Amino acid sequence: MGGRRSQAATGPKRQWEGKGKIKLIQGGAAAAEREPSLVIPLPVSVTYSSTLVRLRRRPTPDSLDCSTARLIDSTGPVALTSILGRLRVMMCLHILASFLAIAISGGIVYRRRSGRCTSKKLLHNETVIITGASAGIGKATAHDLARRGARVIMACRNLIKAQRVADIIKSETGNPQVIVEELDLSDLESVRRFAENIKKKEKSLKVLINNAGAGVSTRQMSPQNLELTMATNHYGHFLLTNLLLDLLKASAPSRIVTVSSKLHGVAKEMDVDNLNFTNAKEYSLLAAYAQSKLCNILFTKELSRRLEGTGVTANCLHPGVVATEGFHKVGTLRGYIYSALAQVVGKDCLTGAQTTIYLAVSDEVKDSSGKYFVDCQESTCYQQAENEDLARRLWDVSERDVSLEAREKFC
């Protein structure tokens with residue numbers, strides 16, 4: 001017998017497709033020779049059994065009072081609102097899947113278009129210092145420069161972790177000249193001890209790479225009462241670079257490379273008299289990090305002007321969106337979300353290190369100074385990073401805040 005319609009005197013309309021009976025197993029699944037279909041006034045039909053809800057398109061849906069619709073089998077009534085709830089979940093999952101597909105595709109394109117350092121230059125026995133070289137971009141940079149034969153000094157806070165990484169680099173590159181030295185950039189006394197130790201041990205320094213970076217979710221202070229993000233990302237590198245300038249000048253031609261970020265554009269207005277967020281309510285991780293990255297660029301440009309004619313160049317860079325452990329260290333939900341997104345759309349650490357390596361070794365930039373690079377190409381900064389007056393004022397304030405003495409000034 002063909003299809004049939006059944007409708008009670010009161011209650012919603014139902015359309016049953018085909019014939020057959022629902023066979024029930026007490027308390028368990030229902031099997032049907034053919035399953036009933038409930039038609040709702042949407043461009044879909046819902047096929048329901050006690051264990052399954054399926055969706056399929058219908059060309060001409062029947063009318064139904066959705067607020068009172070019920071489908072009853074021997075297991076009991078099922079409210080249409082429950083079915084619609086499942087629809088919403090499935091729609092959310094579909095949107096999420098679409099977003100992930102777009103993100104993954106975009107990430108693939110982004111990584112393929114990322115710049116690569118093609119220089120084959122070797123650095124036999126040339127001394128290179130890399131801050132924060134025990135993880136992420138710094139680790140990848142150390143590995144590459146060790147492979148080129150450089151004498152790599154890994155300036156790190158965690159000596160145990162750094163030594164473990166150094167041993168791996170030695171093993172994989174065959175270069176025994178990978179050395180670990182203690183440096184905590186957030187502590188200016190540690191910076192001064194490190195610089196003094198380097199000057200005693202090293203006769204030359206060809207490349208200084210200011211790579212280390214950090215960010216904290218709440219306002220914290222360094223031993224010298226400087227805001228911790230600024231102390232690590234700006235003040236520490238400012239002092240370190242100044243203390244090593246005499247060695248860099250004596251080793252000319254030499255290079256200074258500082259890792260900044262495109263996030264410097266977020267710091268649209270910077271008060272050089274309030275670099276440490278004295279009003280704690282004004283502090284946020286993004287504000288502090290962006291300000292420190294703007295300081296990196298302004299410092300590099302002013303440093304380059306002061307080093308003209310010395311044979312020492314200074315450049316900075318944006319590494320791109322890179323999947324490093326830095327987001328995890330923040331320890332917030334936002335940090336974990338950013339980390340997950342970076343894993344999907346970002347560069348790996350070796351790809352993220354390419355511009356740093358390029359500025360450290362390539363002959364194409366041996367005479368470039370005071371420039372900002374992205375993907376191994378010179379790029380433009382945001383307007384505030386080109387403010388020469390702001391750069392000079394930042395330099396003067398930084399000298400004061402790190403207590404740079406006359407004997408420590410070499411430019």
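Heads up: the structure comes first, above all this text.
About the criteria used
Residues numbered from 1 in each chain as written. Predicted model: local features only at pLDDT ≥ 70, side-chain atom pairs only at ≥ 80, totals over all residues. Heavy atoms only, no water. Helix = DSSP H or I, 4+ residues; strand = E, 2+ residues; numbered from the N terminus. Buried < 20%, exposed > 50% of the residue type's maximum accessible area, 1.4 Å probe, protein only. Pairing = 2+ DSSP bridges. Right-handed = clockwise from strand over helix to strand, strands pointing away. Salt bridge = Lys/Arg side-chain N within 4 Å of Asp/Glu carboxyl O. Phe/Tyr/Trp six-rings, centres within 6.5 Å; stacked < 30°, edge-to-face > 60°. Patch = residues over 30% accessible without salt bridge, like charges linked within 9 Å, V, L, I, M, F, W, Y side chains within 5 Å. Areas by Shrake-Rupley, 256 points an atom, 1.4 Å probe, with all protein chains shown as cover. Expected span 1.5 Å × (residues − 1). Arc of directions from axis to C-beta. Contact = heavy atoms within 4.5 Å. Polar contact = N/O pair within 3.5 Å; in protein donor to acceptor, adjacent residues only side chain to side chain.

Engineer: Account for the environment of Glu269, with residues named and values stated.
Structural biologist: Checked against the element boundaries, Glu269 lands in the loop between β14 (254–259) and α6 (285–306). Placed 115 residues apart in sequence, Glu269 and Gln384 show a C-alpha to C-alpha distance of 7.7 Å.

Engineer: Could you give an account of the pairing of strand β15 (residues 312–318), with specific residues and numbers?
Structural biologist: Of all seven residues that make up β15, seven are buried, and the element is covered over most of its length. Alternating positions in β15 separate into two faces, Val312, Ala314, Cys316 and His318 on one and Thr313, Asn315 and Leu317 on the other, with burial throughout. Alignment of β14 against β15, held across six bridges, turns out to be parallel. Counted as the bridge partner of Arg255 is Thr313 from β15. Running through α6, the crossover from β14 to the neighbouring parallel element β15 is right-handed. Summarising the sheet, β15 and strand β16 (residues 372–374) pair through three bridges and their orientation is parallel.

Engineer: Tell me about the pattern of salt bridges, and name the residues and values.
Structural biologist: Within the structure shown, the criterion is met by 19 salt bridges. The residue Asp389 makes a salt bridge to Arg393 at a minimum N-O spacing of 3.8 Å. Linking Asp389 with Arg393, this pair stays in helix α11 (residues 388–401), spanning four residues, or about one helical turn. Using a relative accessible area of 37% as the deciding quantity, one classes Arg393 as partly exposed.

Engineer: Lay out the pairing of strand β10 (residues 127–131) in plain terms, naming residues and giving numbers.
Structural biologist: For β10, the tally of buried residues reaches five of five residues, placing the bulk of the element in the interior. Every second residue of β10 is oriented toward a common face, with Thr127, Ile129 and Thr131 on one face and Val128 and Ile130 on the other, all of them buried. Where β10 meets strand β11 (residues 151–156), five bridges bridge the pair, whose relative direction is parallel. Its bridge partner lying in β11, Val128 is registered against Val152. Assessed by its sense of winding, the connection that carries the chain from β10 through helix α2 (residues 136–147) to β11 is right-handed.

Engineer: Summarise the packing of aromatic side chains; cite the residues concerned and give the values.
Structural biologist: For any pair of aromatic rings, geometry is given as the distance between the ring centres together with the angle between the planes. Inspection of every chain in the model, using the stated rule, returns five aromatic pairs. An angle of 85° between the planes, with centres 5.4 Å apart, marks the rings of Phe277 and Tyr283 as edge-to-face. In this structure Phe277 comes out as buried when scored by relative accessible area, which is 6%. On the accessibility criterion, Tyr283 (10% relative accessible area) is buried. Ring-pair connections join several aromatic residues into one group, and the members of that group are Phe238, Phe299 and Trp395.

Engineer: Please provide a residue-by-residue account of a nonpolar patch on the surface, values included.
Structural biologist: On the surface, a cluster of nonpolar side chains totalling about 280 Å² of accessible area is made up of Val89, Leu93 and Leu96. Structurally, Val89 is set in helix α1 (residues 80–113). Accessibility expressed as a relative area gives 48% for Val89, which makes it partly exposed.

Engineer: Please give an account of helix α3 (residues 159–173) that cites residues and values.
Structural biologist: Compared with the 21 Å implied by 1.5 Å per residue over 15 residues, the 21 Å span of α3 between its first and last C-alpha is a close match. Looking only at α3, the buried set comprises Ala162, Val165, Ala166 and Ile169. Projection of α3 onto a plane perpendicular to its axis shows the buried side chains occupying an angular sector of 105°, all on one side. Residues of α3 that are exposed and point over 90 degrees away from its buried face: Ile160, Arg164 and Ser171. Structurally, α3 contributes buried residues whose contacts are with α2, β11 and β12 (178–182). A side-chain oxygen of the first residue of α3 lies 3.3 Å from the backbone nitrogen of Ile160; this N-cap is Asn158. At the C-terminal side of α3, Gly174 shows a positive phi close to 75°.

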